[in-house]
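Tertiary structure, described
In case you want the letters, here they are:
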Amino acid sequence: MSKTKKFLLSENDIPTAWYNVVADMKNKPLPPLHPATKKPLTIDDLTSLFATELAKQELNSTDRWIEIPEEVRDLYKNYRPTPLVRAYGLEKALDTPAHIFFKNESVSPVGSHKLSSAIAQAYYCKKEGITNITTETGAGQWGAALSYAAKAFGLELAVYMVKISYEQKPYRRSIMQTFGAQVIPSPSMSTKAGRKILTEHPNYQGSLGTAISEAIELALQTPNCRYTLGSVLNHVALHQTVIGLEAEKQMEMAGEYPDMVIGCFGGGSNFSGITFPFLRHKLTDGKEVRLIAAEPASCPKLTRGVFQYDFGDEAGYTPLLPMFTLGHDFAPAHIHAGGLRYHGAGTIVSQLKKDNLIEAVDIKQLDTFKAATLFAQTEGIIPAPESSHAIAAAINEALKAKEEGKQKTILFNLSGHGLIDMAAYDQYIAGDLTNYDLPDEEIAQNVAKLEKII
Ligand SMILES: *Cc1c(COP(=O)(O)O)cnc(C)c1O
């Protein structure tokens, strides 16, 4: 019998509800705090920044399932359900008894998982009569996804793009502009937050934290405008659960249940998306499944950060979130996985990590490109540098299974393709890429600046 390579669902199998894991958590995440009063945030505090429905989702800790609006499902149909693929080629190259599956989010028209939340956020903004939205983007994946979603719902979008990525990844900027968005390199002189950091560090290459501050500032100053974020927040993780809900059905089709589920980790959205539906089996049925976040060794908030209240941005405009963090002014090394250069982890994932319900590993840049190259050569897909962290972690687990002579079933999320990141591959091929060591003292110094609220 010939082997099944791809497990495909039909449009009717697109989930009708997102899964809200908080409803099933025994220890709920600590509440977000108002940055000035340090009191728990209310819906009203949040609605100056976000669409009301998104603010409600952000604070919802009771409803397990939240219905996906028909208009959102209709746009999901452009590319969902995404395939689940058995990586026979990779298994063979590793000579491992492990079965390796990946959920292929790279087939989305913008090349990453980010569209699942972009569509939802643009929809709710439109529905509530908002006309303009702002956001930030690191490698440009979120900006590209939101540019398309904003256009689909007729919203005007301004994107602050981290300057290093604006220069390293000019084609992502072109994609956003093609969809009709306005793109500004960050830090910029157009906001107080941008001017301040440029005055202090004229050559600053930008960070997600700074770009978030700029996008929030513009949103607060523009009439009928809201801010949107592509990761970290609870409502973003919620929207991404379509990934894991589809994968759950597809693993059933494959007749297997994963021993472990792996996602790369920036702020946590794709990791949450692929893992939370499986975590549900662990929380409600006591099922054994390991959930592994793969983060860059140069930006290791889950493996080496502290659990503390911190801001989501560099200037301190956002609410204080209880998170694993390296400190909101942490300046990560300029690794090519731009989408993972973020100082903190979402509050749900942070609580889960604190309660040992999930694990984290850190991966060095050169190991991610080595893994990416093997994956490309055996599966025919050039992975995004971000996704390559998940691939490297999956390969490590497959090799461990080989050593132990055990059959393990590994599922990882291929969060995006790397076809617009070829400059990074060029540098790797030329031997010009390096690892970045992050000394303990640097982390200690940075987190020492945090106010000790916990
Ligand atoms: C943005 C991005 C990430 C990191 O963000 P998360 O919110 O942690 O998922 C990972 N992979 C790709 C392809 C991305 O675009």
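In this report, the structure presented in the accompanying data block is examined. Treat the numbers as computed from the prediction; the structure is a model and nothing was measured.

1. So, the pattern of salt bridges
Evaluated as defined, the whole model comprises 19 salt bridges. The shortest N-O distance in the salt bridge between arginine 280 and glutamate 248 comes to 3.0 Å. Of this pair, arginine 280 sits in helix H12 (residues 269-285) while glutamate 248 sits in helix H11 (residues 234-254), placing them 32 residues apart in sequence. Glutamate 248 shares its class with arginine 280; the two are buried. Taking the shortest distance from any N to any O, the salt bridge between aspartate 440 and arginine 304 comes out at 2.7 Å. Separated by 136 residues along the polypeptide, aspartate 440 in helix H18 (residues 440-448) and arginine 304 in helix H13 (residues 301-304) bring together distant segments of the chain. What you see here is one network of salt bridges that share partners, running through Arg80, Lys103, Glu105 and Glu246.

2. Describing the sheet that holds strand S14 (residues 359-363)
Sheet strands line up and pair through hydrogen bonds in the backbone, either parallel or antiparallel. Reading across the sheet, the 7 strands line up as S1-S4-S5-S15-S10-S11-S14 and stay open at both edges, with mixed pairing between neighbours. Looking at strand neighbours, the two that pair on one side only are strand S1 (6-7) and S14, the edges of this open sheet. Direction of pairing for strand S11 (residues 290-296) relative to S14: parallel, over a ladder of 5 bridges. Its bridge partner being in S14, isoleucine 292 is matched across the sheet by glutamate 359. Where H12 meets the sheet, it contacts strand S5 (99-104), strand S10 (260-264), S11 and strand S15 (409-414), and its direction lies at approximately 160 degrees from that of S10. On top of the sheet, helix H15 (residues 365-379) reaches strand S4 (84-86), S5, S14 and S15; it is set at about 95 degrees to S14, its chief contact.

Definitions and limits used
- Residues numbered from 1 in each chain as written.
- Predicted model: local features only at pLDDT ≥ 70, side-chain atom pairs only at ≥ 80, totals over all residues.
- Heavy atoms only, no water.
- Salt bridge = Lys/Arg side-chain N within 4 Å of Asp/Glu carboxyl O.
- Helix = DSSP H or I, 4+ residues; strand = E, 2+ residues; numbered from the N terminus.
- Buried < 20%, exposed > 50% of the residue type's maximum accessible area, 1.4 Å probe, protein only.
- Pairing = 2+ DSSP bridges.
- Contact = heavy atoms within 4.5 Å.
- Axes fitted to C-alpha atoms, helices over the stretch in contact; angles between N-to-C directions.

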